[in-house]
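# Architecture and fold: a report
This is what each chain is made of:
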Amino acid sequence: MAENRVMKVMLINSSIREHGCTDRALREVASVLEKDGFQADIVWLGKGPIADSLQPHEKDIADELLAKAGEYDGFVFGTPVYFGNLNGRLTSFLNRFFYGHANLFKGKIGAAVASCRRTGGITSVDEIYHWMGLNCMIIPTSCYWNEVHGNTPSEVEQDLEGLNTMRQLGAMISYLLKLKKLGEENGIAPEMMPVVRTNFIR
Ligand SMILES: Cc1cc2nc3c(=O)[nH]c(=O)nc-3n(C[C@H](O)[C@H](O)[C@H](O)COP(=O)(O)O)c2cc1C
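Residues numbered from 1 in each chain as written. Predicted model: local features only at pLDDT ≥ 70, side-chain atom pairs only at ≥ 80, totals over all residues.

## Some details on the overall build of the protein
The helix and strand tally for the protein stands at 6 helices and 5 strands. Ordered by position from N to C terminus, the α and β elements of the protein give β-α-β-α-β-α-β-α-β-α-α. Taking 202 residues into account, the globule formula puts the C-alpha radius of gyration at 17 Å, and the protein, at 17 Å, falls close to it. If you line up the protein on its principal axes, its C-alpha atoms span 45 × 40 × 35 Å. Going through the 202 residues of the protein one by one, you find that 38% of them count as buried. For the protein, restricting intrachain contacts to residue pairs at least 6 apart in sequence, the fraction spanning at least 24 positions comes to 76%. (Helix = DSSP H or I, 4+ residues; strand = E, 2+ residues; numbered from the N terminus. Rg over C-alpha atoms; globule rule 2.2 N^0.38 Å. Buried ≥ 20, exposed ≤ 12 C-beta atoms within 10 Å, placed from the backbone. Contact = placed C-beta atoms within 7 Å.)

In structure tokens, the structure reads:
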């Protein structure tokens with residue numbers, strides 16, 4: 001691996017609104033990563049259909065981003081809160097992104113952020129971490145749970161604590177990337193145990 005390569009983070013906006021509140025939150029995370037010299041690519045999932053896993057489908061945004069995922073050191077998944085949880089688009093996307101592709105994500109950084117009018121941010125973020133938790137990803141934290149509040153980007157601008165939480169998350173991702181780089185330069189990486197699968201009864 002080239003030692004001087006620029007480390008990259010993909011920030012994924014699953015909202016149907018390209019420049020809505022979720023995007024505003026992700027931009028705040030990205031601003032800290034860019035300040036620290038990392039490449040932060042905000043990617044919008046668009047408005048097209050996203051098939052769930054196992055479903056026969058035409059090529060969609062999940063295939064496109066999977067083809068690029070190997071180049072990235074970290075991922076931030078952003079969702080608007082819908083009925084107290086992450087939106088359906090991100091659920092389908094995550095199922096596709098992770099199903100059968102663990103090797104693309106092991107040892108990498110994975111974070112989640114949510115935007116809501118009032119409540120449901122914490123449940124949404126917790127849910128998204130389920131996909132990270134069984135793929136040996138490294139989960140950064142922040143100074144509060146990773147949520148912003150608002151129905152419009154200008155309302156999110158007024159959520160000063162939420163934006164600060166996003167910046168702190170960016171700083172924690174930045175720190176983990178620096179540690180990861182030091183690890184790469186010194187031959188240190190997490191040991192990956194062989195996969196063992198039982199279905200509880202055998
Ligand atoms: C179908 C739907 C369900 C929603 N459910 C919630 C909810 O449970 N809690 C909440 O606080 N806001 C809820 N909202 C508001 C959005 O989460 C909020 O406006 C969010 O910031 C929008 O982000 P976006 O601009 O990136 O799409 C809902 C919005 C929609 C369209």
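## Let's talk about helix H1 (residues 21-35)
For an α-helix, 3.6 residues make a turn, and residues three or four places apart therefore share a direction. When the terminal C-alpha atoms of H1 are compared, their 22 Å separation across 15 residues agrees well with the 21 Å that a helix rising 1.5 Å per residue should span. Here H1 lies mainly inside the structure; 11 of its 15 residues are buried. Turning to H1, its buried residues are Cys21, Thr22, Asp23, Arg24, Ala25, Leu26, Arg27, Glu28, Val29, Ala30 and Leu33. Immediately beyond the C-terminal end of H1, within one or two residues, lies Gly37, with a positive phi of roughly 90°. (Expected span 1.5 Å × (residues − 1).)

## Let's talk about the site of the ligand
Surveying the vicinity of the ligand reveals 18 residues, the closest of which are Ser15, Gly20, Thr22, Pro80 and Cys116. Across the shell around the ligand, the residue classes tally to 6 nonpolar, 9 polar and 3 charged. (Near = placed C-beta within 6 Å. Nonpolar A, V, L, I, M, F, W, Y, C, P; charged D, E, K, R; others polar.)

## What to know about the nonpolar core
Formed by 44 residues in total, the largest nonpolar core has its most connected members in Val9, Leu11, Val29, Val76, Phe77 and Val113. Excluding anything up to four places from it in sequence, Val76 contacts Val9, Leu11, Ile12, Leu26, Val29, Ala111 and Val113. (Core = buried A, V, L, I, M, F, W, Y, C linked by C-beta atoms within 7 Å.)

## Topic: the sheet that holds strand S2 (residues 39-44)
Strands pair in a sheet through their backbones, by hydrogen bonds, and they do so in one of two ways: parallel or antiparallel. One open sheet accounts for 5 strands, arranged S2-S1-S3-S4-S5; its pairing is parallel. Here the strands that pair on one side only, and so sit at the sheet edges, are S2 and strand S5 (147-149). Strand-to-strand twist of the sheet, defined as the mean angle between neighbouring strand axes without regard to direction, takes the value 20°. Summarising the sheet, strand S1 (residues 8-13) and strand S3 (residues 74-80) pair through 5 bridges and their orientation is parallel. Across the sheet, residue Val9 finds its bridge partner in S3, namely Gly74. Here H1 sits on the sheet and contacts S1, S2, S3, strand S4 (109-116) and S5; the angle it forms with S3, its principal contact strand, is near 155°. This element, helix H6 (residues 160-185), spans S1, S3, S4 and S5 of the sheet and lies at about 175° to S4. (Pairing = 2+ DSSP bridges. Axes fitted to C-alpha atoms, helices over the stretch in contact; angles between N-to-C directions.)

## A closer look at the environment of Gln39
You can see Gln39 is positioned in strand S2. Since 16 C-beta atoms lie within 10 Å of it, Gln39 is described here as partly exposed. Spatially, the C-alpha atoms of Gln39 and Ala102 are 23 Å apart, while their sequence positions differ by 63 residues. With near-sequence residues (within four places) excluded, Gln39 lies in contact with Val6 and Lys8.

## What to know about the pairing of S1
The sheet contact formed by S1 and S2 spans 6 bridges and is parallel. Opposite Lys8, over in S2, you have Gln39 as the bridge partner. For the segment spanning S1, H1 and S2, crossover handedness is right-handed. (Right-handed = clockwise from strand over helix to strand, strands pointing away.)

## Some words on the environment of Gly48
Considering the arrangement of structural elements, one finds Gly48 in the loop between S2 and helix H2 (61-69). For Gly48, a count of 9 C-beta atoms within 10 Å translates into the label exposed. A C-alpha to C-alpha distance of 20 Å links Gly48 and Tyr99, two positions 51 residues apart in sequence.

## Considering the packing of H1 against H6
Interhelical geometry of H1 versus H6 gives an angle of 40° and a closest axis separation of 8 Å. Relative to H6, the element H1 lies oblique. Handedness of the H1/H6 crossing: right-handed. In this structure, H1 contributes Ala25, Glu28, Val29, Ser31, Val32 and Leu33 to the contact, and H6 contributes Leu163, Met166, Arg167, Leu169, Gly170, Ala171, Ile173 and Ser174. The residue inventory of the contact of H1 with H6, partitioned by class, reads 9 nonpolar, 3 polar and 2 charged. (Parallel < 35°, antiparallel > 145°, perpendicular 65-115°, else oblique. Left-handed = near helix turned anticlockwise from the far one by under 90°.)

Note that every value here comes from positions in space, so none of it alone points to a role or purpose.
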